[in-house]
Amino acid sequence: LNQAIDRQELELYYQPKISVQSGTLCGAEALVRWNHPKHGLIPPDDFIPMVERTRNIQALSSWVLKNGFEQCALWHRQGLDLKVSINLSAKDLHNPELPDLIAGIRGTTEVQPAWIILEITESSIMNDPDMALEIINRIHQMGFQFSIDDYGTGYSSLSYLKKLPLTELKIDRSFVADILQSDNDAVIVNA
């Protein structure tokens, strides 16, 4: 992966976020892809779990944050008032240098923290809740927003959830996919 970063084989794709009420574009989620010279476009589920087992996750996270912040700042200079969501790895929330890394990238890109939503998962918090909460709160104090991604697939309790400075809660697709056919899914999503 380090060679992939050096050879500029990584790409960010931006999945649009559309307001259900107005039907307008309100943001985008940055999704990393590895454009491997031999294997073609590799989705994150196929390489991030392996990368998380190594220290390369820090290099990958740094690259994604830098490029995501740069794109967001560019869109704002072009007059597009969009928020960009960027996924953080479980390992990121146990890296005490993450807040300083984010502050440095923010300074060089001139992105405003209110333009960025950092997405985390339930499991990334539960590995070491105290450390994760400390890092999340340090980043939140800079003005960055947080989202829980794939909510409902982990094992976090509501008591941890209420301690987090969350802007949004993204319910896992397993609850949403059958919402029209399953009364149980509808009740959960409604709640």
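Above this note sits the structure.
The present account deals with the structure reproduced in this document.

Calculation criteria
- Residues numbered from 1 in each chain as written.
- Predicted model: local features only at pLDDT ≥ 70, side-chain atom pairs only at ≥ 80, totals over all residues.
- Heavy atoms only, no water.
- Helix = DSSP H or I, 4+ residues; strand = E, 2+ residues; numbered from the N terminus.
- Expected span 1.5 Å × (residues − 1).
- Buried < 20%, exposed > 50% of the residue type's maximum accessible area, 1.4 Å probe, protein only.
- Arc of directions from axis to C-beta.
- Core = buried A, V, L, I, M, F, W, Y, C linked by side-chain atoms within 4.5 Å.
- Contact = heavy atoms within 4.5 Å.
- Salt bridge = Lys/Arg side-chain N within 4 Å of Asp/Glu carboxyl O.
- Axes fitted to C-alpha atoms, helices over the stretch in contact; angles between N-to-C directions.
- Left-handed = near helix turned anticlockwise from the far one by under 90°.

1. Some words on helix α6 (residues 129-141)
Across its 13 residues, α6 extends 18 Å between first and last C-alpha, which sits within 8% of the 18 Å expected from 1.5 Å per residue. When we look at burial in α6, the residues that qualify are Pro129, Ala132, Leu133, Ile135, Ile136 and Ile139. Each buried residue of α6 lies within a common arc of 165° when the element is viewed along its axis, so the set occupies one face. Facing away from the buried surface of α6 by more than 90 degrees, the exposed residues are Asp130 and Gln141. Downstream of α6 by a residue or two, Gly143 has a phi angle that is positive, lying close to 110°.

2. Examining the nonpolar core
Among the nonpolar cores identified, the biggest contains 45 residues, and Leu60, Leu65, Phe69, Ile86, Ile116 and Leu118 are the most heavily contacted of them. Contact partners of Leu60, with chain neighbours within four places excluded, come to Leu1, Ile5, Leu10, Val32, Phe47, Ile48 and Val51.

3. Some thoughts on the pattern of salt bridges
Applying the stated rule across the entire model yields five salt bridges. The partner of Glu9 in a salt bridge is Arg7, with the nearest N and O atoms 3.0 Å apart. Between Lys17 and Glu119 there is a salt bridge, with its nearest N and O atoms 3.8 Å apart. You can see Lys17 sitting in strand β1 (residues 10-18) and its partner Glu119 sitting in strand β5 (residues 116-121), a full 102 residues away along the chain. Assessed through its relative accessible area of 1%, Glu119 is described here as buried.

4. Side note on the packing of helix α3 (residues 56-77) against helix α4 (residues 98-109)
One can describe the packing of α3 onto α4 by two numbers: an axis separation of 10 Å at closest approach and a directional angle of 35°. The way α3 lies across α4 gives a crossing that is right-handed. The segment α3 lies against α4, with Ser62, Leu65, Lys66, Phe69, Glu70, Ala73 and Arg77 engaging Leu98, Leu101, Ile102, Ile105, Arg106 and Thr109.

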